[in-house]
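# Structure assessment
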Amino acid sequence: MRRPPSVLSRLAAALAGAVLAVTAAAVAAAPAQAASLTPVTGFGSNPGNLAMYAYRPDGLPTNAPAVVLLHGCAQNATGYFTNSGWRKFADQWRFALILAEQKSANNSTSCFNWFETGDTARGQGEALSVKQMVDHAKANYGTAANRVYVSGLSAGGAMAATMLATYPDVFAGGSIVAGVPYRCATSMINAFSCMNPGVNKTPAQWGDLVRNAHPGYTGARPKVAVWHGTADYTVATANATESRDQWTNVAGLSQTPGSTTNLPAGTTLETYGDDRVRVYRVSGMGHGTPIDPGSGAEQCGTAAAYFLDTICSAYRDALYFGLNGSGGPAPSPTATAGPTPTPTPTAAPTCVTASNYAHVTAGRAYHSGGYAYATGSGQRMGLYNTFSSATLEQTAPNHWVVGC
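Because the structure is predicted, anything quoted here is derived from the model rather than measured.

## Section: the sheet that holds strand β4 (residues 96–101)
With mixed pairing, the ten strands of this open sheet are ordered in space as β1-β2-β4-β3-β5-β6-β7-β10-β9-β8. Where the open sheet ends on each side, the last strands, each with one partner, are β1 (38–40) and β8 (259–263). The sheet shows a mean angle of 20° between the axes of neighbouring strands, direction not considered. One ladder, built from five bridges, connects strand β2 (residues 51–55) with β4; its direction is antiparallel. Bridging from a neighbouring strand, Y55 pairs with L97 of β4. In this fold helix α9 (residues 238–250) packs onto β6 (173–177), β7 (223–229), β9 (267–272) and β10 (277–282), with an angle of close to 175° to the strand it touches most, β10.

Shown next as structure tokens:
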């Protein structure tokens, strides 16, 4: 159902829209390969009337992870796929990408309708359409049922929060980039105050909104990363803190970070509990997805409007989700499952001592068959849990050995 264009235009302006699709020439500049972003039809009843696109890297194995990407207003699937940097790591670590695309028939400025209750409830509207895309990928591409993640920018970030709240049984984790807490707004009118200056609720109030999205659910909750620029005047930075309050409360965690780490581009990383929730605050960054163009192992993306040259968020999220060759999703420990893991150091360290779970989460190791193995060398470190620890030495980029 088409929304009134005059109001939606105001919403799009407030969200800063984002960028139109990049040109075909930019796509052609990427390394040549057979895999391409492909439109998919007939993926379900599609009550939200969304379009689906899929990217399956060459050599995609059975039971590969899948990441759902949700664009911002005035963007489309092709533009987000090309600029965000996720394609690099999908190719490198062999996981599938699923991209949902909004249609102007639903929203004249191509915003996902994160403020409409009919589109943000389990089993309804756009939320169900995205879930059906995941089901289609499992049935037709052989992707893993327990390794599905979601990431989105702005309106897409708000919809990423929706998917984590409404389908915790589907998504193992997600990242909310320049977004807002789930059910921060329930109409177009209060969407504006939600975005700026933001809505203040207690952690318990925010948490209840998520718990009520799937009443009676008692399973594991997704791990959540929140990204926000400190100079974002479109979606106020207060939303990063309110999102933190929401997801830490859902996980039964304190709102006090267990550690704060300095990362490149003036980025600080706050970790909560046993790294169940992360908050990245990018100093001086405005409204957009953090990217870092270049060929380095930790670099990704193409700079454009609302793709901001700071730090590669896709790389950090891919490691956080365990997509770099690990054998499966990280466990979902409770707040009392173990000590807070040692944070990833700012620069390439000589030695790091931490729990095996923390090593895997930080990308220094991967896990398979209940054991942790050092990234690069493949040396066995012991049981994969929060109680077994090891000392790893970095001997080359993305190459770690046991001992120091």
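## Overview of the sheet that holds strand β17 (residues 389–396)
One open sheet holds the three strands; their spatial order is β13-β17-β18, and the pairing between them is antiparallel. If you trace the sheet from one side to the other, it starts and ends with β13 (351–355) and β18 (399–402), each paired once. Here the average twist between neighbouring strands, direction ignored, is 40°. Judged from the four bridges that link them, β17 and β18 form a sheet pairing that is antiparallel. Within β18, the position partnered with E393 by the bridge is V401.

## Some words on the confidence of the model for the protein
Scored by pLDDT, the protein has a mean of 86; 84% of the residues are at 70 or more. Across residues 1–33, where pLDDT falls below 50, the model places 71 contacts with residues more than four positions away in sequence or in other chains.

Calculation notes
Residues numbered from 1 in each chain as written. Predicted model: local features only at pLDDT ≥ 70, side-chain atom pairs only at ≥ 80, totals over all residues. Heavy atoms only, no water. Pairing = 2+ DSSP bridges. Helix = DSSP H or I, 4+ residues; strand = E, 2+ residues; numbered from the N terminus. Axes fitted to C-alpha atoms, helices over the stretch in contact; angles between N-to-C directions. Contact = heavy atoms within 4.5 Å. pLDDT = per-residue confidence, 0-100.

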